[in-house]
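Reading the structure
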Amino acid sequence: MRKLLSADFYRLGRDKAFWTGALAMLAYTVGAMLGNCHQAMEDVESGFPYALEIFYFVYAFPIGLLISVFTSLFLGSEYSDGTIRNKLVVGHKRSDVYLSKLFANIAFSLILLFFGLLGGLCGIPFLGLWKVGNMIWVYLLVSVFFTVSYAAVFTLTGMLCTNKAVSAVLAILLFLILFILSFHVYAGLMEPEVSHGLLITKEGMQMGDPSPNPNYISGLEREIYQFIIDVLPTGQCIQLEEFSVQHPLRMMISSLVIAVGTTVCGIWAFGRKDLK
């Protein structure tokens, strides 16, 4: 295992896709943060209490997409170059090969997260430091856990698909499907309990009397919706970016279960995969 990890981390450090992804994350977070800070400065007269934490987690959406792309390329190259087959031929166990790839992908994913956190710091001169106290550490822990779960999920897809192009397409599609599902669920939860219609009068447009919103989700259905976005890493990302995390412990436990579950399934499936 030590030799496998050494080889994978050596290759990781020399991988162009690795550095491209890391720099892309940094550029995205810096650009998004500066844009948000500019908008906040323009709205300063509105009296809204803007704070760094409201915009700091802009990395939450792109990190999953970048992980899906990189892991597919990284693992796909291992198959196309015959590296994985050679490692098995010289006597390495399949479980060790799988775990070494997983650890390399986790390392890349956490470095992506670091660059995302680093880029967000450019907002400090405009908005100051975080105003949520120790809660910032809870949010950062949620970030670490769902980042690891992303790495585990896309390691599974990458290790079971030998074609690099197909693996990349499947990983990106999986991410987009999960994100669209999470966005739909989150949008449903954001429906207000009452709605105010707009009335056009001689004095102009005015708010009408409040009435029950037929699209409001309540009761058991609301609990199910909340559970879904707490469990899915894409749902966690949306809540983090919107700074609306409600159940951080449930989210971290879910990410851990996903990471362990996909790893166990991946080792089992890879152990039975025909690599000829």
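Just so you know, these numbers come straight off a predicted model, no measurement behind them. (Residues numbered from 1 in each chain as written. Predicted model: local features only at pLDDT ≥ 70, side-chain atom pairs only at ≥ 80, totals over all residues. Heavy atoms only, no water.)

1. What to know about a nonpolar patch on the surface
Note the cut-off: Here a patch means residues that are over 30% exposed by relative accessible area and free of salt bridges, tied together within 9 Å if like-charged and within 5 Å if nonpolar (Val, Leu, Ile, Met, Phe, Trp, Tyr). Note that accessible areas follow from Shrake-Rupley with a 1.4 Å probe, and for residues the cover is restricted to the protein chains shown. The salt bridge criterion pairs a side-chain nitrogen of Lys or Arg with a carboxyl oxygen of Asp or Glu, the two atoms within 4 Å. Going along the chain from the N terminus, every DSSP run of H or I of four or more residues is numbered as a helix, and every run of E of two or more is numbered as a strand.
On the surface, a cluster of nonpolar side chains totalling about 250 Å² of accessible area is made up of Met 1, Phe 9 and Phe 103. Along the chain, Phe 9 falls in helix H1 (residues 2-13).

2. A look at the side chain of Ser 143
We count it as follows: Relative accessibility thresholds used throughout: buried, under 20% of the residue-type maximum; exposed, over 50%; partly exposed, between the two (1.4 Å probe, protein chains only). Polar contact is defined as a pair of N or O atoms within 3.5 Å, subject to the rule that within protein one atom must be able to donate a hydrogen and the other to accept it, and that residues adjacent in sequence are counted only when both atoms are side-chain atoms. Contacts are residue-level and defined by heavy atoms, with any inter-residue pair within 4.5 Å sufficient.
Here Ser 143 lies in helix H8 (residues 135-160). Given the relative accessible area of 1%, Ser 143 is considered buried. A polar atom in the side chain of Ser 143 sits 2.7 Å from the side chain of Tyr 59. Look past the residues within four positions of Ser 143 in its chain and what remains in contact with it is Phe 57, Tyr 59, Leu 113 and Leu 240.

3. A short note on the pattern of salt bridges
Working definition: two side chains of opposite charge can pair if their charged atoms are close together. Applying the stated criterion to the full structure yields one salt bridge. Put simply, Arg 250 and Asp 230 hold a salt bridge, and the shortest N to O gap is 2.8 Å. Placement of Arg 250 in helix H12 (residues 248-271) and of Asp 230 in helix H10 (residues 219-231) is noted, with a sequence separation of 20 residues between them. Judged by relative accessible area, which is 27%, Arg 250 ranks as partly exposed.

4. Quick notes on the nonpolar core
Note the threshold: The nonpolar core is taken to be a set of buried Ala, Val, Leu, Ile, Met, Phe, Trp, Tyr and Cys residues, with the residues joined through side-chain atoms within 4.5 Å.
Of all hydrophobic cores here, the largest spans 52 residues; its most connected members are Phe 57, Tyr 59, Ile 63, Tyr 150 and Leu 240. Here this core takes 10 residues from H8, the largest share from any one element. Among residues more than four places away in sequence, those in contact with Tyr 150 are Ile 63, Gly 64, Ile 67, Phe 175, Pro 233, Thr 234 and Cys 237.

5. Some thoughts on the side chain of Asp 230
What makes Asp 230 buried here is its relative accessible area of 0%. For Asp 230, the side chain forms a polar contact with the side chain of His 247, separated by 3.0 Å. Once residues lying within four places of it in the same chain are set aside, the contact partners of Asp 230 are Gln 236, Gln 239, His 247, Arg 250, Met 251 and Ser 254.

6. A look at the packing of aromatic side chains
For clarity, the cut-off: Classification of ring pairs rests on two measures: the distance between centres of Phe, Tyr or Trp rings, Trp counted by its six-membered ring, which must be within 6.5 Å, and the angle between planes, read as stacked under 30 degrees, edge-to-face over 60 and tilted in between. Sitting over a ring, as applied to charges here, requires NZ of Lys or CZ of Arg to be within 6 Å of the ring centre and within 35 degrees of the ring normal.
By the definition in use, this model includes 18 aromatic pairs. Relative to Tyr 150, the ring of Phe 146 lies with its centre 6.0 Å away and its plane at 85°, an arrangement referred to as edge-to-face. Residue Phe 146 and its partner Tyr 150 are located together in helix H8, separated by four residues, close to a single helical turn. Take Phe 146 and Tyr 150: they sit in the same class, and that class is buried. Measuring from ring centre to ring centre gives 6.1 Å for Tyr 150 and Phe 154, while their planes differ by 10°; the resulting arrangement is stacked. Separated by four residues within a single helix, Tyr 150 and Phe 154 lie in helix H8, roughly one turn from each other. The exposure class of Tyr 150 is buried, given its relative accessible area of 2%. In this structure an aromatic cluster arises from ring pairing among Phe 61, Phe 146, Tyr 150, Phe 154, Phe 175, Phe 179 and Phe 183. Directly above the ring of Phe 270 sits Arg 94, whose terminal nitrogen or CZ lies 5.6 Å from the centroid.

7. Side note on the environment of Phe 126
As for its placement among the helices and strands, Phe 126 is situated in helix H7 (residues 124-127). Sequence separation of Phe 126 and Met 41 is 85 residues, and the distance between their C-alpha atoms is 8.0 Å. Apart from the residues lying within four places of it in its own chain, the contact partners of Phe 126 are Leu 34, Cys 37 and Met 41.

8. A few points about the packing of helix H11 (residues 233-241) against H12
Cut-off, in case you're wondering: The axes are straight lines fitted to the C-alpha atoms, using for helices just the contacting stretch, and the angles between their N-to-C directions are given from 0 to 180°. If an angle is under 35 degrees, it is roughly parallel; if it is over 145, roughly antiparallel; if it lies from 65 to 115, roughly perpendicular; otherwise it is oblique. By convention the crossing between two helices is left-handed if the near helix lies anticlockwise of the far one by an angle smaller than a right angle, and right-handed if it lies clockwise.
One way to put it is that H11 packs onto H12 with a least axis distance of 10 Å and a crossing angle of 150°. Taken as axis vectors, H11 and H12 run roughly antiparallel relative to one another. Handedness of the crossing formed by H11 with H12: left-handed. Contacts between H11 and H12 involve Pro 233, Gln 236 and Gln 239 from the first element and Met 251, Ser 254, Ser 255 and Ile 258 from the second.

9. Re the environment of Cys 237
With respect to the helices and strands, Cys 237 occurs in helix H11. Setting aside anything within four residues of it in sequence, one finds Cys 237 in contact with Ala 60, Phe 146 and Tyr 150.

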